[in-house]
Amino acid sequence: MRIIVDTLNSRIETDNTELLQALYSLYAKKSPGYQYSSAYRNRRWDGKVRFISKSGTFRTGLLERVLTDLQKIKCSPQLEIKNQNIDDFIQNWDIEGFIYYDYQRDLIEKALENKRGIVKSPTGSGKTLIIAALVKALAGRKMVLLFNAKQLLTQTYDFLTKDCGIPNIGLCFGEGYIYGDIILCTVQSIEKILDTHYTEAQVLMVDECHEFANGRTTLEALRAFPNAPYRFGFTATPPSDIIPQLNLEGSLGPVWTSVSTSSLVDEGKLTKPIIQLIDRPYTASGADEEGSYLEVYGDYIVNNDERNNIIKDIANDIKQKNKRARILILTKSLDHGRTLENLLGGGD
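Residues numbered from 1 in each chain as written. Predicted model: local features only at pLDDT ≥ 70, side-chain atom pairs only at ≥ 80, totals over all residues. Heavy atoms only, no water.

**Q** Pulling in residues and values, what's your account of the side chain of glutamine 104?
**A** Checked against the element boundaries, glutamine 104 lands in helix 4 (residues 102-114). At a separation of 3.1 Å, a polar atom in the side chain of glutamine 104 contacts the main-chain carbonyl oxygen of serine 125. In contact with glutamine 104, other than residues within four places in its own chain, are Ile99, Ser125, Gly126, Leu129 and Ile130. (Helix = DSSP H or I, 4+ residues; strand = E, 2+ residues; numbered from the N terminus. Polar contact = N/O pair within 3.5 Å; in protein donor to acceptor, adjacent residues only side chain to side chain. Contact = heavy atoms within 4.5 Å.)

Laid out in structure tokens, this is it:
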């Protein structure tokens, strides 16, 4: 048996038809809600999503999982790697002003060695610094960094350009486009970079990749860029359901876990979170029961001065007690013209 390994897809070649059938069955997973599908009810579909075809073709990111399963029956296939002329040159990835923790350095080195995989890194553990290190290490190649939200894209762009001083960075989202060989792009605007990066990009990175695990558009984005052997995903919360798991792994590679939130707290690298429920008087009299959900939410949540001033007072109280405190307020706003940042005057 041999497995022909290409960038996007791999293929098992063997005359053992029983083994191929076993893999075909093993990598078939019931789709949630399959029993309600008309195709299932009309017996045109068995309700399963298949990750290995009858001919033995599968997404290359699943190679490690497939090899592990084959080892269980003492089968060690020969690997035939296509596109072996990959440029393995790695730049110095030290960034002035930053020192990597051991777990960050381990994840960076593992990514560069294996060329594809999913970095599971807790919120607050310096995931963006890991991304910056990989960008610097692989500089000289065209790269695509995909995001599902403009805010994350612009934050990462500012970090790479202003804090890390990495040149040739571009960005692409609904309202704007700046060309760069290293392009940060929202998945919603991916069509804008197809002419410049689709076949030329050698590196694909996907931030918050768990958000790409379902949905036709996001999955097609993960499965694009056929000449990008370096493929990395980043998330604090990999999917727990098997179909999204295999979707992500198939496109990007296996999940790597280095540290947990609790271990980072124990080591003093993260602050232990404290959740405090604060009871405050609050009224919302005069609500228009005839209004739509968006109208009621806008009037009595987003633009409710009483509610917003309560939050403002809490923040100011913390600031008076601790001048060095940095305060992050998370809100869901349907009105981008009025935010708590405006109320607090920005800055902190």
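**Q** Outline the nonpolar core, supporting the account with residue identities and numerical values.
**A** Of all hydrophobic cores here, the largest spans 37 residues; its most connected members are Leu134, Val135, Leu145 and Met205. Contributions of two or more residues to this core are made by helix 4, helix 5 (127-137), strand 8 (143-147), helix 6 (150-163), strand 9 (169-173), strand 11 (182-186), strand 12 (203-207) and strand 13 (230-235). Beyond its immediate chain neighbours, meaning those up to four positions away, leucine 145 contacts Ile131, Val135, Leu160, Ile182, Ile183, Leu184, Cys185 and Met205. Among the nonpolar cores identified, the runner-up in size contains 23 residues, and Ile193, Phe212, Ala224 and Leu248 belong to it. (Core = buried A, V, L, I, M, F, W, Y, C linked by side-chain atoms within 4.5 Å. Buried < 20%, exposed > 50% of the residue type's maximum accessible area, 1.4 Å probe, protein only.)

**Q** I'd like a description of empty space enclosed by the protein, backed by residues and values.
**A** Applying the stated criterion across every chain, the model contains two cavities of 30 Å³ or more. The leading source of residues in the lining of the second largest cavity is helix 9 (residues 242-252), at three residues. (1 Å grid on protein atoms, 1.4 Å probe; cavity = no way out; pocket = protein on both sides within 12 Å on 5 of 7 lines; lining within 4 Å. Points joined across faces, edges and corners; volume = space filled by probe spheres on them.)

**Q** Tell me about the environment of valine 144, and name the residues and values.
**A** Of note, valine 144 is situated in strand 8. The exposure class assigned to valine 144 is buried, which follows from its relative accessible area of 0%. Considering only alpha carbons, one finds valine 144 and aspartate 305, 161 residues apart in sequence, at a separation of 42 Å. Beyond its immediate sequence surroundings of up to four residues, valine 144 is in contact with Ile183, Ile193, His197, Ala201, Val203, Leu204, Met205 and Phe225.

**Q** Requested: an account of the packing of aromatic side chains, with residues and values cited.
**A** A full pass over the atoms with the stated rule returns six aromatic pairs. Here phenylalanine 98 and phenylalanine 159 contribute two aromatic rings whose centre-to-centre distance is 5.5 Å and whose plane-to-plane angle is 65°, an arrangement assigned as edge-to-face. Remark: phenylalanine 159 occurs in helix 6 and phenylalanine 98 occurs in the loop between strand 6 (78-81) and helix 4; sequence separation between them is 61 residues. A relative accessible area of 28% places phenylalanine 98 in the partly exposed class. Take phenylalanine 159: its relative accessible area is 16%, and that puts it in the buried class. Summarising the aromatic geometry, the rings of tyrosine 101 and tyrosine 103 are spaced 5.7 Å apart at their centres and angled 15° between planes, so their arrangement reads as stacked. (Phe/Tyr/Trp six-rings, centres within 6.5 Å; stacked < 30°, edge-to-face > 60°.)

**Q** Pulling in residues and values, what's your account of the sheet that holds strand 10 (residues 176-178)?
**A** The eight strands lie next to each other as 10-9-11-8-12-13-7-14, forming an open sheet whose pairing is mixed. The open sheet has two edge strands, strand 10 and strand 14 (255-257), and neither has a second partner. This sheet shows a mean twist of 20° between the axes of neighbouring strands, independent of strand direction. The strands touched by helix 4 within the sheet are strand 7 (116-120), strand 13 and strand 14, with strand 14 carrying the most contacts at an inclination of about 155°. Along the sheet face, helix 6 touches strand 8, strand 9, strand 10, strand 11 and strand 12 and points at about 170° away from the line of strand 9. (Pairing = 2+ DSSP bridges. Axes fitted to C-alpha atoms, helices over the stretch in contact; angles between N-to-C directions.)

**Q** I'd like to hear about the pattern of salt bridges, residue by residue, with values.
**A** For the coordinates displayed, the defined rule picks out 14 salt bridges. Here lysine 72 makes a salt bridge to aspartate 69, at a shortest N to O gap of 3.3 Å. You can call aspartate 69 buried: its relative accessible area is 18%. (Salt bridge = Lys/Arg side-chain N within 4 Å of Asp/Glu carboxyl O.)

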